[in-house]
Structures are given as C-alpha cells and as structure tokens.
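Okay, here's what each chain looks like letter by letter:
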Amino acid sequence: EKGGYDHFMLKEIYEQPRAIKDTYRGRLLADQGLIRMAGIDLNMEKFLNANRIIIVACGTSWHAGLVAEYIFEDLARIPVEVEYASEFRYRNPVITDKDVLIAISQSGETADTLAAIKLAKEKGAFVFGVCNVVGSSIARETDAGAYTHAGPEIGVASTKAFTTQITVLTLIALKLAKAKGVFSESKYHEYLTELENIPNKVEKSLQSNALIEIIADVYKDSTNCLYLGRGYNFPVALEGALKLKEISYIHAEGYPAAEMKHGPIALIDEHMPVFVIATKKGHYEKVVSNIQEIKSRKGKIIAIVTEGDEQVRDLADHVIEVPETLESLTPLLTTIPLQLLSYHIAVMRGCNVDQPRNLAKSVTVE
Ligand code: F6R
C-alpha cells in the first residue's frame with residue numbers, strides 16, 4: 001500500500017503534485033478567470049466585512065496558517081492574526097462577531113483547535129474550517145469550510161497536508177482579493193495561471209531528490225541545524241526545522257533570517273549547518289547578506305535557490321534549485337527539498353520515519 005515507496009512519508013511527498021491538483025480541481029477555473037468555492041461564495045459578506053481574520057492551528061498546520069497570513073495581507077489586504085490554538089483558547093482572547101476565524105487541521109480532530117473553535121463560536125465569530133479528513137470533528141463543528149483533497153496522510157510527519165492547506169488558503173485569498181477589487185484583472189489572471197502550473201513545478205522540485213540524498217549524507221550526524229528564511233519563506237524555515245526535529249531527532253530551529261543577528265548567530269561555527277531559503281523573489285539581496293554573515297563565521301550553507309542562480313551558488317556549500325514562480329507561491333516549492341532532506345536524514349539515522357517516537361498522527365488530548 002506504500003505504492004513501491006519505502007515509507008508512507010516518501011510516497012506522500014511524491015504525491016504532492018497530484019494532491020495539489022486534486023485540491024484545486026473544480027475550484028480553480030483559470031481559463032474562465034474564476035475560483036469557485038461554495039463555502040466562500042455563500043459567506044462572502046462575512047469575509048469582506050470582517051475586521052480581521054484569526055487563524056488557529058497547531059504544528060505544521062500552524063505553519064500553513066503563517067504562510068496564509070502573508071498571502072491574505074499581501075493579496076487581499078485583510079488583517080490576519082495567526083495563533084497557536086493552545087495559547088489562543090486560554091488567554092481570554094478578544095473575539096467579536098466581526099471576526100472570522102479560520103481553523104486549519106489535517107486530521108480535524110486536534111483537541112486544542114477544536115476548543116478554540118468552540119470558544120470563537122460562543123463569542124459570535126464566523127468559523128471556517130480547512131480540514132483534510134472528511135466528516136471530522138472540526139469539519140462538523142465549523143460554520144463552513146473547504147476541504148483539502150490530499151487523500152489519506154498516513155506518515156505522522158505532515159507533508160502533502162501542508163502544501164494542500166496552502167493551496168486552499170491561496171485560493172481563498174485570491175477570491176477575496178478579486179471580490180474586494182484590490183486586484184487588476186490581469187494580475188488575477190496571472191495568479192490563477194501560475195497556481196494551475198504549480199504541480200508541474202513541484203514535480204520539477206522533486207527531481208532534486210538524488211542531490212538531496214548526497215547532501216543528507218554530509219549532514220546526517222549533525223546535532224544542531226538552523227533554518228532561515230524571510231517573508232513568505234520564514235514559515236517554510238519553521239516547517240523545515242520541525243520536519244527535521246520530529247523524524248530525525250536532530251535539534252533544529254527555524255528563524256527569520258534577519259533575526260539571526262539578535263541571538264542565534266552566536267551558535268554558528270564550522271559544525272553548524274544552516275539551511276537558507278534564498279529564492280530570487282523574496283528579499284533576495286537581504287538574504288544574500290545574511291548568507292555572507294554565516295559564511296564569515298564558517299557556518300555550512302545549504303541554500304534553496306531559484307533555478308539559474310549564480311550569486312548564492314558562489315557562496316554556499318550546496319545549492320538546491322527550485323523553479324521560479326510568483327513570490328507568494330514559493331512556499332509550495334521551497335518546502336519540497338526540505339521535506340526530502342529530513343526524510344533522507346531520518347532514514348540514514350535509522351529512525352522510524354512514519355512513526356516517530358512520542359508522536360501521534362492525531363492529537364486528541366490537549
Ligand atoms: C507535524 C505534524 C503536527 C501536526 C499537528 C496538527 O508534521 O504532523 O505538527 O501538524 O499536530 O495536526 P492537525 O493538522 O491534524 O490539526
């Protein structure tokens with residue numbers, strides 16, 4: 001049932017082009033210049049009149065929420081707050097009936113996320129769910145929602161759920177941007193066409209697998225790793241670090257690249273691998289100078305770059321290329337090599353990739 005792959009995680013990483021396509025199928029009608037999502041169409045006024053959108057989630061789904069924060073604010077110009085469900089529910093949050101809460105959950109069973117939804121509903125907020133498991137508790141508890149169509153995710157480490165969550169949230173942001181009139185027709189069209197093309201670019205990103213295996217072999221015995229990114233790729237850095245921690249048991253931290261000089265830079269020496277997302281369209285020159293800072297402290301640099309990049313290639317110890325795309329869609333590509341990297345490192349360290357110690361696929365207790 002692993003479809004010829006050694007582990008579910010690898011199978012699910014490779015399923016992403018299809019999973020993303022399944023998630024936008026019937027919704028993204030690029031040739032008609034249309035996004036069709038009943039859960040949004042029927043509640044458009046709630047979204048357009050919202051004071052703000054509050055996103056609640058845990059773990060990897062929270063990282064998808066962070067990516068969504070950038071997309072919603074950048075494209076649709078709606079203020080967004082992203083909260084850990086476990087913190088949100090216990091801090092007596094200010095919620096009104098002018099708020100829209102979006103809960104993101106692969107399993108749809110996460111106890112803290114479910115509790116956050118109940119709290120928001122009590123306070124009169126409109127609650128929208130982004131779940132993968134059909135008919136799950138969160139899907140039932142929300143006022144409306146949109147499923148990701150990732151298919152069953154068996155590996156405990158979330159992979160295709162993450163990229164399909166981002167896909168759904170991007171569709172929503174684009175729909176709202178269009179409805180608000182903050183997007184020109186041509187810009188809207190450009191986004192639709194590019195999103196439709198993302199599965200092909202994910203497929204291309206997967207072709208770095210052999211190179212990533214070589215890199216994994218170099219760094220598999222590390223005890224610490226840093227992951228850096230800026231803008232849209234800051235949440236990807238967090239997700240890359242989480243993926244490494246949970247399946248390979250190597251300590252890893254994700255940071256916004258510019259925050260490095262406020263502390264973590266003290267950790268950098270010749271034993272510290274630093275994974276940097278340095279794609280052309282996201283504060284590229286700034287990230288390049290961050291890379292120089294790491295290099296001058298002898299840190300090892302493994303960079304995720306845009307195809308054809310030369311500047312970072314000259315500085316880095318290893319580069320992994322992803323195709324060029326619109327800045328807001330880069331997380332869908334830059335995530336892929338980081339998933340593969342943690343997978344290979346975990347396998348090389350003899351870890352139980354699909355069922356890491358101490359973790360459960362669905363966290364139904366707080
Ligand atoms: C990480 C991982 C967890 C989940 C988190 C939320 O790979 O799987 O961090 O993302 O437990 O789970 P869901 O999305 O089911 O609410």
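It should be emphasised that the depicted structure is a prediction, and the values quoted were computed from it without experimental measurement.

## Regarding the packing of helix H2 (residues 16-24) against helix H9 (residues 160-180)
- Two numbers describe how H2 lies on H9: the axes approach to 9 Å, and their chain directions differ by 30°. Taken together, the axes of H2 and H9 lie roughly parallel to each other. Read as a crossing pair, H2 and H9 show a hand that is right-handed. Note on element contacts: H9 touches H2 through Lys 160, Thr 163, Thr 164, Thr 167, Val 168 and Leu 171, opposite Gln 16, Arg 18, Ala 19, Ile 20, Thr 23 and Tyr 24.
- Among the residues making up the contact of H2 with H9, the classes are represented as five nonpolar, five polar and two charged.

## Considering the nonpolar core
- Of all hydrophobic cores here, the largest spans 90 residues; its most connected members are Phe 72, Ile 102, Phe 128 and Tyr 227.
- Element by element, the count of residues in this core is highest for H9, at ten residues.
- Setting aside its immediate chain neighbours within four residues, Phe 72 contacts Ile 53, Arg 77, Ile 78, Val 80, Ile 102, Leu 169, Ile 172, Ala 173 and Leu 176.
- By size, the runner-up hydrophobic cluster in this structure holds 22 residues, among which are Met 272, Val 276, Ala 316 and Val 319.

## A word on the packing of aromatic side chains
- Overall, the coordinates contain eight aromatic pairs when judged by the stated rule.
- With centroids separated by 5.6 Å and ring planes inclined at 80°, the aromatic side chains of Phe 47 and Phe 128 adopt a geometry described as edge-to-face. Separated by 81 residues along the polypeptide, Phe 47 in helix H4 (residues 44-48) and Phe 128 in strand S6 (residues 126-131) bring together distant segments of the chain.
- Between the aromatic rings of Tyr 219 and Phe 275, the centroid separation amounts to 6.4 Å while the plane-to-plane angle is 75°, which identifies the pairing as edge-to-face. Remark: Phe 275 occurs in strand S10 (residues 273-278) and Tyr 219 occurs in helix H11 (residues 209-219); sequence separation between them is 56 residues.
- Look at Phe 275 and you get buried, because its relative accessible area is 2%.

## A look at the site of the ligand
- Not every one of the 13 residues close to the ligand is listed here, only the nearest: Ser 61, Ser 105, Ser 107, Thr 110 and Glu 246.
- A distance of 3.1 Å is found between an oxygen atom of the ligand and a backbone nitrogen or oxygen belonging to Val 156.
- Take Lys 243: an N or O atom from its side chain is 2.9 Å from an oxygen atom of the ligand.
- Here the ligand has 410 Å² of accessible area as a free molecule, and 89% of this is covered by the chains.
- Elements supplying a minimum of two residues to the shell around the ligand: helix H5 (59-76) and helix H12 (234-248).
- At three residues, the largest contribution of residues to the shell around the ligand is made by H5.
- Among the residues forming the shell around the ligand, the class breakdown is three nonpolar, eight polar and two charged.

Calculation criteria
- Residues numbered from 1 in each chain as written.
- Predicted model: local features only at pLDDT ≥ 70, side-chain atom pairs only at ≥ 80, totals over all residues.
- Heavy atoms only, no water.
- Axes fitted to C-alpha atoms, helices over the stretch in contact; angles between N-to-C directions.
- Helix = DSSP H or I, 4+ residues; strand = E, 2+ residues; numbered from the N terminus.
- Parallel < 35°, antiparallel > 145°, perpendicular 65-115°, else oblique.
- Left-handed = near helix turned anticlockwise from the far one by under 90°.
- Contact = heavy atoms within 4.5 Å.
- Nonpolar A, V, L, I, M, F, W, Y, C, P; charged D, E, K, R; others polar.
- Core = buried A, V, L, I, M, F, W, Y, C linked by side-chain atoms within 4.5 Å.
- Buried < 20%, exposed > 50% of the residue type's maximum accessible area, 1.4 Å probe, protein only.
- Phe/Tyr/Trp six-rings, centres within 6.5 Å; stacked < 30°, edge-to-face > 60°.
- Near = heavy atom within 4 Å.
- Polar contact = N/O pair within 3.5 Å; in protein donor to acceptor, adjacent residues only side chain to side chain.
- Areas by Shrake-Rupley, 256 points an atom, 1.4 Å probe, with all protein chains shown as cover.

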